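# Report on the structure
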Amino acid sequence: MNKEPRVTIIILNFNGKRYLGELLDKAVDSALNQKYANLEVIFADNGSSDDSVEYVSNKYGDKVRVIDLGKNYGFCLGNNIASRHASHDSKYLLFMNPDAILSSDYITKLIRAMGLDGSIGIAQGLEISLDGVAHKIGGFIDNYGRSFVIDVKPVIRSLNKPIEAL
């Protein structure tokens with residue numbers, strides 16, 4: 001029996017094959033190639049008109065569960081509908097964009113951070129562009145429902161050195 005909590009990665013796609021090309025492959029591969037073992041990957045297609053569903057099904061087979069939502073429900077509702085397909089024993093859901101590339105220890109570090117405090121309900125990793133520049137470390141929603149994004153660019157410039165991950 002696996003003691004690591006189960007993680008479901010949900011990749012919500014819209015015409016990713018057409019618009020992202022090989023970046024879509026890199027994103028899916030990065031989800032599948034995690035050092036963290038107890039995970040599943042769901043590719044939820046949000047009404048694409050390209051051949052994304054067939055492409056991902058054929059390329060990844062049973063390594064990725066492909067869900068065709070049939071129409072475009074938008075980002076929030078599309079992810080909510082896709083989350084209904086997560087395994088019943090999943091403790092965490094990771095909502096991943098189809099153009100995001102995860103480091104191989106991304107989930108391990110995120111789960112470690114989540115485990116530090118039982119009151120943590122949501123987390124986001126550091127957003128780094130393909131050229132290696134860090135942009136955001138996430139944000140939070142206060143008790144009044146206002147959202148805040150934490151931009152790290154000014155902090156990085158003032159430190160004049162790279163940021164070390166968890």
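In this report, the structure presented in the accompanying data block is examined.

## Comments concerning unusual backbone geometry
Most peptide bonds take the trans form, and the phi angle of most residues other than glycine is negative. Despite not being glycine, Asn15 has its phi angle at roughly 55°, a positive value. Classification of Asn15 as buried rests on a relative accessible area of 2%.

## Focus on the sheet that holds strand 3 (residues 65-68)
Spatially, four strands are ordered 3-2-1-4 in an open sheet, and the strand pairing comes out parallel. Of all strands in the sheet, those bounded by a partner on one side alone are strand 3 and strand 4 (90-96). Taking the axes of each pair of neighbouring strands and ignoring which way they run, one obtains an average angle of 25° across the sheet. Bridge analysis of strand 2 (residues 39-45) against strand 3 gives four bridges, and the strand direction is parallel. Note that in strand 3 the partner of Asp45 across the bridge is Asp68. Most of the contacts of helix 2 (residues 22-32) go to strand 2, to which it runs at about 155°, and overall it touches strand 1 (6-13), strand 2 and strand 4.

## With respect to helix 3 (residues 52-60)
Among the residues making up helix 3, those that are buried are Ser52, Val53, Val56 and Tyr60. The buried residues of helix 3 all sit within an arc of 100° when viewed along its axis, so they share a single face. Residues of helix 3 that are buried sit in contact with strand 1, helix 1 (16-20), helix 2, strand 2 and strand 3. Where helix 3 ends, the next residue or the one after it, Gly61, has phi of about 55°, a positive value.

## Considerations on helix 5 (residues 106-115)
Structural remark: α-helix, 3.6 residues per turn; residues separated by three or four positions point the same way. Listing the buried residues of helix 5 in full gives Ile107, Leu110, Ile111 and Met114. The buried residues of helix 5 occupy an angular sector of 95° when the element is viewed end-on, so they sit on one face. Residues of helix 5 that are buried make contact with strand 1, strand 2 and strand 4.

## Considerations on the packing of helix 2 against helix 3
Look at helix 2 against helix 3: their axes get within 12 Å of each other, and the N-to-C directions meet at 45°. With respect to their mutual orientation, helix 2 and helix 3 come out oblique. Crossing handedness for the pair helix 2 and helix 3: right-handed. Across from Leu24, Asp25, Val28, Asp29 and Leu32 in helix 2, the residues of helix 3 making contact are Tyr55, Val56, Lys59 and Tyr60. Class assignment for the residues of the contact of helix 2 with helix 3 results in six nonpolar, no polar and three charged.

## Quick word on the packing of aromatic side chains
All chains considered together, the criterion is met by zero aromatic pairs. Above the plane of the ring of Tyr55 lies Lys17, whose end atom (NZ or CZ) is 4.4 Å from the centre.

## Looking at the environment of Asp62
Structurally, Asp62 can be placed in the loop between helix 3 and strand 3. Owing to a relative accessible area of 79%, Asp62 belongs among the exposed residues under this scheme. A C-alpha to C-alpha distance of 9.8 Å links Asp62 and Val41, two positions 21 residues apart in sequence.

## A word on the pairing of strand 1
Counting buried residues in strand 1 gives eight out of eight residues, a clear majority hidden from the surface. Residues Arg6, Thr8, Ile10 and Leu12 point to one face of strand 1 and Val7, Ile9, Ile11 and Asn13 to the other, with burial holding for every one of them. Pairing analysis gives six bridges linking strand 1 to strand 4, with the strands arranged parallel. Counted as the bridge partner of Ile10 is Phe95 from strand 4. When strand 1 meets strand 2, the two strands line up parallel, connected through seven bridges. Bridging from a neighbouring strand, Val7 pairs with Leu39 of strand 2.

Calculation criteria
Residues numbered from 1 in each chain as written. Predicted model: local features only at pLDDT ≥ 70, side-chain atom pairs only at ≥ 80, totals over all residues. Heavy atoms only, no water. Buried < 20%, exposed > 50% of the residue type's maximum accessible area, 1.4 Å probe, protein only. Pairing = 2+ DSSP bridges. Helix = DSSP H or I, 4+ residues; strand = E, 2+ residues; numbered from the N terminus. Axes fitted to C-alpha atoms, helices over the stretch in contact; angles between N-to-C directions. Contact = heavy atoms within 4.5 Å. Arc of directions from axis to C-beta. Parallel < 35°, antiparallel > 145°, perpendicular 65-115°, else oblique. Left-handed = near helix turned anticlockwise from the far one by under 90°. Nonpolar A, V, L, I, M, F, W, Y, C, P; charged D, E, K, R; others polar. Phe/Tyr/Trp six-rings, centres within 6.5 Å; stacked < 30°, edge-to-face > 60°. Lys NZ or Arg CZ within 6 Å of the ring centre and 35° of its normal.

In short, shape yes, function no, at least from these values alone.
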